[in-house]
Amino acid sequence: MSDLPYPKIDFVATPLDGCFEIRPTVVSDRRGFFAKVFHKPLWQKHGLCTEFQEEYLTYSVRDTLRGLHFQVPPMQHAKVVLCARGEVFDVALDLRRDSPTYGQHAVINLSGTAANAVYLPPGFAHGFCVTSDEALLYYKQSSVYSPAHDGGIRWDSAKIPWPVNDPILSERDKVFQTLSEFESPFSL
Ligand SMILES: Cc1cn([C@H]2C[C@H](O)[C@@H](COP(=O)(O)OP(=O)(O)O[C@H]3O[C@@H](C)C(=O)[C@@H](O)[C@H]3O)O2)c(=O)[nH]c1=O
């Protein structure tokens, strides 16, 4: 018996080491579709974290932008983000100070119909912008939420080609430090 999952899951490397798009095979029939995202042995084979401390959902309307968020050490975490409904322009920003891609980002378009997800290792900031009328995002994180370690980079300071110029932002997200002001506590 094969140890590979059915339906198949593809791991698409981004230019940022350790950050992946996870693409499940979507199997459709008259009822709708089935897609398997998580398969512990295969995630381990790709070097991904498989032990998570929190899972949560967020719902957002079109043009909402949340981010760019991270938790600093010792409460840093790996994060998995899946768009269960709608479409988002999702961004991973490398904040590992000794990384050859420090300050660079990857864009992954997530959608509820593709059932794809992004895996961000520790040392990344995450954000997204909603490009459909509404979007439901499902997260897994490898450490618990810690307000004292929760931080961010201002959304418009990292040369990210966001699909909106005037997004809906939280008051907190409007006033984060810029990427150039940020002194990274993350290492590879
Ligand atoms: C993230 C988080 C927030 N909260 C609280 C704090 C606040 O009262 C309320 C909403 O928090 P925020 O405004 O920070 O939520 P939000 O802006 O949606 O934060 C999220 O943004 C995206 C981009 C991510 O990557 C997530 O990990 C998370 O940081 O929920 C928790 O209780 N637990 C949590 O894990």
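Chains are numbered independently. Their residues run from 1 in the order of the written sequence. Thresholds applied to this predicted model are a pLDDT of at least 70 for local features of residues and 80 or more for the giving and counting of side-chain atom pairs; totals over whole chains, interfaces and linings are not thresholded and use all residues. Working from all heavy atoms in the structure, the side-chain values ignore hydrogens and water.

## Section: the pattern of salt bridges
Item 1. The salt bridge criterion pairs a side-chain nitrogen of Lys or Arg with a carboxyl oxygen of Asp or Glu, the two atoms within 4 Å. Tallied over the full model, the rule gives 10 salt bridges.
Item 2. Linking K8 and D10 is a salt bridge whose minimum nitrogen-to-oxygen distance equals 2.7 Å.
Item 3. Relative accessibility decides the category of a residue: with a 1.4 Å probe and only protein chains considered, values under 20% of the type maximum give buried, values over 50% give exposed, and everything between is partly exposed. Accessibility expressed as a relative area gives 32% for D10, which makes it partly exposed.

## Points about the UniProt feature "active site" (unreviewed entry) in the chain
Item 1. UniProt positions are given in the numbering used here, feature names are shortened, and annotations may be inferred rather than shown by experiment. Summarizing the sequence annotation, UniProt attributes the feature "active site" (unreviewed entry) to H69 and Y139 in the numbering used throughout. Of the residues just listed, which span 71 residues, no C-alpha pair is farther apart than 12.9 Å, and they cluster in one region.
Item 2. Secondary structure elements follow DSSP: runs of H or I of four or more residues count as helices, runs of E of two or more count as strands, with numbering from the N terminus. Its place among the elements puts H69 in strand β6 (residues 65-71).
Item 3. Residue class for H69 comes out partly exposed when judged on its relative accessible area of 21%.

## Focus: the sheet that holds strand β7 (residues 79-85)
Item 1. Taken in spatial order, the six strands of this open sheet run β1-β2-β10-β7-β12-β5, and their pairing is antiparallel. Strands at the two margins of the open sheet, each flanked by one partner only, are β1 (9-13) and β5 (54-61). Strand-to-strand, the axes of this sheet are offset by a mean angle of 25 degrees, without reference to chain direction.
Item 2. Summarising the sheet, strand β2 (residues 20-24) and strand β10 (residues 117-120) pair through three bridges and their orientation is antiparallel. When the sheet's bridge partners are listed, I22 is paired in β10 with A117. The pairing criterion for strands is at least two bridges between them, as found by DSSP. Helix axes use the C-alpha atoms of the stretch in contact, all axes being lines fitted to C-alpha atoms, and the angles between their N-to-C directions lie in the range 0 to 180 degrees.

## What about the pairing of strand β8 (residues 87-94)?
Each regular strand shows side chains that alternate between the opposite faces of the sheet.
Item 1. The buried fraction of β8 amounts to seven of the eight residues, a majority that puts the element mostly inside the structure.
Item 2. Across seven bridges, the pairing between β8 and strand β9 (residues 105-111) is antiparallel. Within β9, the position partnered with D90 by the bridge is I108.
Item 3. Note that β8 and strand β11 (residues 124-130) share seven bridges and pair antiparallel.

## Here we look at the site of the ligand
Item 1. Taken together, E54, Y56, T58, R66, H69, K79, H126, G127, Y139, Q141, Y145 and R172 make up the full set of residues near the ligand.
Item 2. Here R66 contributes a side-chain N or O atom positioned 2.7 Å from an oxygen atom of the ligand.
Item 3. Under this definition, polar contacts are N or O atom pairs within 3.5 Å; protein pairs additionally need one hydrogen-donor-capable and one acceptor-capable atom, and for neighbouring residues in sequence, both atoms have to be side-chain atoms. Taking R172, its side chain carries an N or O atom lying 3.4 Å from an oxygen atom of the ligand.
Item 4. Residue exposure ignores everything except the shown protein chains as possible cover, and the areas themselves are Shrake-Rupley values with a 1.4 Å probe. In the complex, the protein chains occlude 66% of the 660 Å² of accessible area that the ligand would expose alone.
Item 5. The set of elements that each furnish at least two residues to the shell around the ligand consists of β5, β6, β11 and β12 (134-141).
Item 6. It is β5 that provides the largest number of residues to the shell around the ligand, a total of three residues.
Item 7. Residue polarity follows a fixed list, in which Ala, Val, Leu, Ile, Met, Phe, Trp, Tyr, Cys and Pro are nonpolar, Asp, Glu, Lys and Arg are charged, and the others, Gly among them, are polar. The residue inventory of the shell around the ligand, partitioned by class, reads three nonpolar, five polar and four charged. Think of it this way: one heavy atom of a residue within 4 Å of a molecule or strand is enough to make that residue near it.

## Re the state of the cysteines
In a disulfide, the sulfur atoms of two cysteines are covalently bonded to one another.
Item 1. We call a pair of cysteine sulfur atoms a disulfide when they lie within 2.5 Å. Under the defined criterion, the tally for this structure stands at zero disulfides.
Item 2. C49 provides the cysteine sulfur closest to C19, a residue in no disulfide bond, and the two sulfurs are 14 Å apart.
Item 3. Here C19 falls in the buried class, since its relative accessible area comes to 1%.

## Here's the deal with the environment of P185
Item 1. Of note, P185 is situated in the segment after α2 (171-174).
Item 2. For P185, a relative accessible area of 34% puts it in the partly exposed group.
Item 3. Separated by 89 residues in the primary sequence, P185 and R96 have C-alpha atoms spaced 7.8 Å apart.
Item 4. Here, two residues are considered to be in contact whenever any of their heavy atoms come within 4.5 Å of each other. Sequence-distant contacts of P185, defined by excluding residues within four places in its chain, comprise V72, P73 and R97.

## Looking at the side chain of H77
Item 1. As for its placement among the helices and strands, H77 is situated in the loop between β6 and β7.
Item 2. Overall, H77 belongs to the buried group, its relative accessible area being 7%.
Item 3. Looking at H77, its side chain comes within polar contact range of the side chain of S143, at 3.0 Å.
Item 4. If we skip the residues at most four places from it in the chain, H77 touches Q71, L120, P121, P122, Q141, S142 and S143.

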